There are 2 protein chains.
Amino acid sequence: MQELIKVAVDAMGGDHAPQEIVKGAVEAVNSQSRVKVFLVGQKAAVQAELQKYQYDSSRIEIVDAPEVIGMAEPPVQAIRTKKNSSIVVAMKMVKNGEADAFVGAGSTGAVLVGGQLIVGRIKGVERPPLAPLMPTEKGVSLLIDCGANVDARPSHLVQFAKMGSIYMEHVMGVKNPRVAIVNIGAEEEKGNALVKETFPLLKACSELNFTGSIEARDIPSGCADVIVCEAFAGNIILKLYEGVGATLISMVKKGMMSSLRSKIGALLVKPALKETLRRFDTSQYGGAPLLGLKGLVVKTHGSSKAVEVRNSILQCVTFTEQQINEKIRAGIGGKENQEGNGSHGI
Amino acid sequence: MQELIKVAVDAMGGDHAPQEIVKGAVEAVNSQSRVKVFLVGQKAAVQAELQKYQYDSSRIEIVDAPEVIGMAEPPVQAIRTKKNSSIVVAMKMVKNGEADAFVGAGSTGAVLVGGQLIVGRIKGVERPPLAPLMPTEKGVSLLIDCGANVDARPSHLVQFAKMGSIYMEHVMGVKNPRVAIVNIGAEEEKGNALVKETFPLLKACSELNFTGSIEARDIPSGCADVIVCEAFAGNIILKLYEGVGATLISMVKKGMMSSLRSKIGALLVKPALKETLRRFDTSQYGGAPLLGLKGLVVKTHGSSKAVEVRNSILQCVTFTEQQINEKIRAGIGGKENQEGNGSHGI
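All chains use their own residue numbering, which begins from 1 and follows the written sequence. Each chain is given a letter, starting from A, and each ligand a number, starting from 1, according to the order in which they appear as written. With pLDDT at 70 or above as the cut-off, local features in this predicted model cover only qualifying residues; side-chain atom pairs require 80 or more to be listed or tallied, and sums for whole chains, interfaces and linings still use all residues. Water and hydrogen atoms play no part in the side-chain values, which are based on all heavy atoms of the structure.

Break down the sheet that holds strand β7 (residues 178–183) of chain A for me, citing the residues and quoting the values.
All names here are of chain A. The mixed open sheet is built from 5 strands, whose spatial order is β5-β6-β9-β7-β8. Two strands close off the open sheet at either side, each with one partner strand: β5 (133–135) and β8 (209–215). Between one strand and the next, the sheet's axes are offset by a mean angle of 35 degrees, whatever the strand orientation. Sheet topology note: the strand β6 (residues 140–144)/strand β9 (residues 226–228) ladder contains 3 bridges and is parallel. Bridging across to β9, I144 finds its partner in V228. Only heavy atoms matter for contacts: two residues are in contact if any of them lie within 4.5 Å across the pair. Note on method: axes are straight lines fitted to C-alpha atoms, helices fitted across the in-contact stretch only, with angles between N-to-C directions ranging 0 to 180 degrees. Under the scheme used here, helices are H or I runs from DSSP no shorter than 4 residues and strands are E runs no shorter than 2 residues, and both carry numbers assigned from the N terminus. Each of β7 and β8 touches helix α7 (residues 193–203); the most contacted strand, β7, lies at about 170 degrees to it. The pairing criterion for strands is at least two bridges between them, as found by DSSP.

In structure tokens form, the structure reads like this:
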């Protein structure tokens, strides 16, 4: 029998915790026999949800964590002081090897800080980037970095490109992924100081399929698999993507409800439109991995429902099976068994 | 009789020049009696288009400019060497006071460089920002800066905020415009180094209605009138806005054509949807002004059709009537008749 892949899930994080988190965990366990989930959170609340479902009880375990980190708490302080919070307890399980991966829908800041301070970086990785998958016309692209560490240096961006390329090839199955850097024009001489310095470094990486600059306009059409940028730009891209999408879809819906004629039309186009727009829905792709850590940390949307939680857990199986972290260690140049100390005084 | 407002239009710039440019100029002159247009370009080609229309011949004049600056030419070199190009000739008319404003759909780089090198900055203005109007759910917001000068300093962003606020108040008629800075979170302590330094400076400007940070997600809903950012971020926002919009609309259209049922529905919803999406169409708002120059320079989309050219010309009337440049001079702190030399050796 193959060893189980163990995922520590923050049962208390996100807008729909613990209900949807528990439901997603049950769905993951029921759909994939290789996964075991630790539901980390307030025992009574998690237990009350869990007893609603049928599942293989050897593969879901509750780990009590009485404290909860709120969305608005300053992340560093919360991680340092709330030792019994679901995020800290779950991440320590990853650090100690009791779990292979962490999945959480709570405070992004706390997940990013916890990932760096508790789980710790792989030796050689300068910064762990947050890398969500963005839906495009043709499939998905990995946007790397959308995290909290802004003002990156060129060497960070080169590492992002390498880690993103490994992820897209081995987790998403994209052969020879096309890597592009976000820029304000297609020409090599364009860009801000950071992009101008990074461009030749990426060009010189023989292990990357670097295709040059990508303008923001071309991101939705899916013409690159790995889209490299520093976190401030990445955050703008990610959030504007969601914002424009939501606004346009709401305007289309309102437009369709504006007359009797259009209401009848709306009934007829609805099934086809739903299928089209489902492809632009991020929830089916699971959460965003925080790459370059000694275990896998996945951040899912705060608004995650069970389907996204389930997909985030299943994503951990592929990540672990494909030994992504071993590949990152090899690609970034750090050696195994020489990892840096990730605890930083925690 | 009031004095005419004179607009020098690059008749050779853009994908549909000179046909749509000439048509837009005629439409502008026919709809607004206070405007006079100089069509600057290759005389024979412009003449051939112009003779198709009826118009007050005292208010459209052709100015011969035999050279054309191509979209791919390096802007600085093109502006310096092609003295008889339509952009250089038209901008010199603004510099010499023969025209109040310039409108062009050609190379953005050449228009930006020409604006700075030929028309010249208002004294005290450190950088002239390019400020397009973005459609939102509620109306339009001014995105400032989307130009070519990246890596801005905090003092530049403060000037952008002031100029943008003046523009929205006096050209667009927005009382006490809400000014926000693009950031990756709502809290004051968030952001990259530039935003963190700029935030308190904006807060201290008593003449601004500064409302704090705006996340990219909230831009499409229209919760700020003036959206301040440096050009790299602005360029990403502008182009992603167009890209996501175009991709989603194309996906909606494809979805509607996917079955007989949805095709019939599409016929019924089409008029309502068209009206809804028209509000997300930038062409009705005219072009983007390059603010802080001694005359008005307006850059319209390269793909501009007559309607956008007409609206860009009409925008110049409001700008001139409202004495925006006098207000910018007063607001930025430079004194009249003490303007800097804008020629920079041209």
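Before we move on, can you summarise helix α4 (residues 86–95) of chain A with the specific residues and values?
Within α4(A), 8 of the 10 residues are buried, which leaves it mostly tucked inside the rest of the structure. Three labels apply to residues, based on accessible area from a 1.4 Å probe with only protein chains included: buried if under 20% of the type maximum, exposed if over 50%, partly exposed otherwise in between. Taken together, the buried positions of α4(A) are S86(A), I87(A), V88(A), V89(A), A90(A), M91(A), M93(A) and V94(A).

Account for the packing of aromatic side chains, with residues named and values stated.
Only rings of Phe, Tyr and Trp enter the pairing, Trp through its six-membered ring, and a pair is recorded when the two centres are within 6.5 Å. The plane angle decides the type: under 30 degrees is stacked, over 60 is edge-to-face, the rest tilted. Within this structure, the stated rule accounts for 4 aromatic pairs over all chains. Arranged with centres 6.1 Å apart and planes meeting at 45 degrees, the rings of Y167(A) and F319(A) form a pair that is tilted. In this pair, Y167(A) is assigned in helix α6 (residues 154–170) and F319(A) in helix α10 (residues 306–321), connecting sequence segments 152 residues apart. For the pair formed by Y167(A) and F319(A), the shared burial category is buried. Ring geometry for F199(B) versus F210(B): centroids 5.1 Å apart, planes at 75 degrees, classification edge-to-face. One end of the pair, F199(B), is in helix α7 (residues 193–203); the other, F210(B), is in strand β8 (residues 209–215), with 11 residues separating them in the sequence.

Any chance you could break down unusual backbone geometry for me, citing the residues and the numbers?
Residues and elements named next belong to chain A. The peptide bond linking A17 to P18 adopts the cis configuration, its omega dihedral lying at -5 degrees. Along the chain, the position of P18 falls in the loop between β1 (5–10) and α1 (19–31). In this structure, N176 takes a positive phi of about 50 degrees despite not being glycine. Mapped onto the elements of the fold, N176 is located in the loop between α6 and β7. Among the residues examined, N176 registers a relative accessible area of 53% and is labelled exposed.

Now, about the relation of the copies chain B and chain A: what can you tell me, with residues and values included?
By a simple turn and slide, chain B fits onto chain A: the slide is 0.0 Å along the axis, the RMSD is 0.0 Å, and the turn is 180 degrees. Such a combination of turn and shift is consistent with a two-fold rotation axis. It is G265(B) whose C-alpha, among those of chain B, lies nearest the rotation axis, at 1.9 Å. Mapped onto chain A, 100% of the interface residues of chain B are again interface residues, and the two copies thus contact each other with one and the same surface. To line up the copies, we fit them by least squares on C-alpha atoms, keeping just the residues with pLDDT of at least 70 in both.

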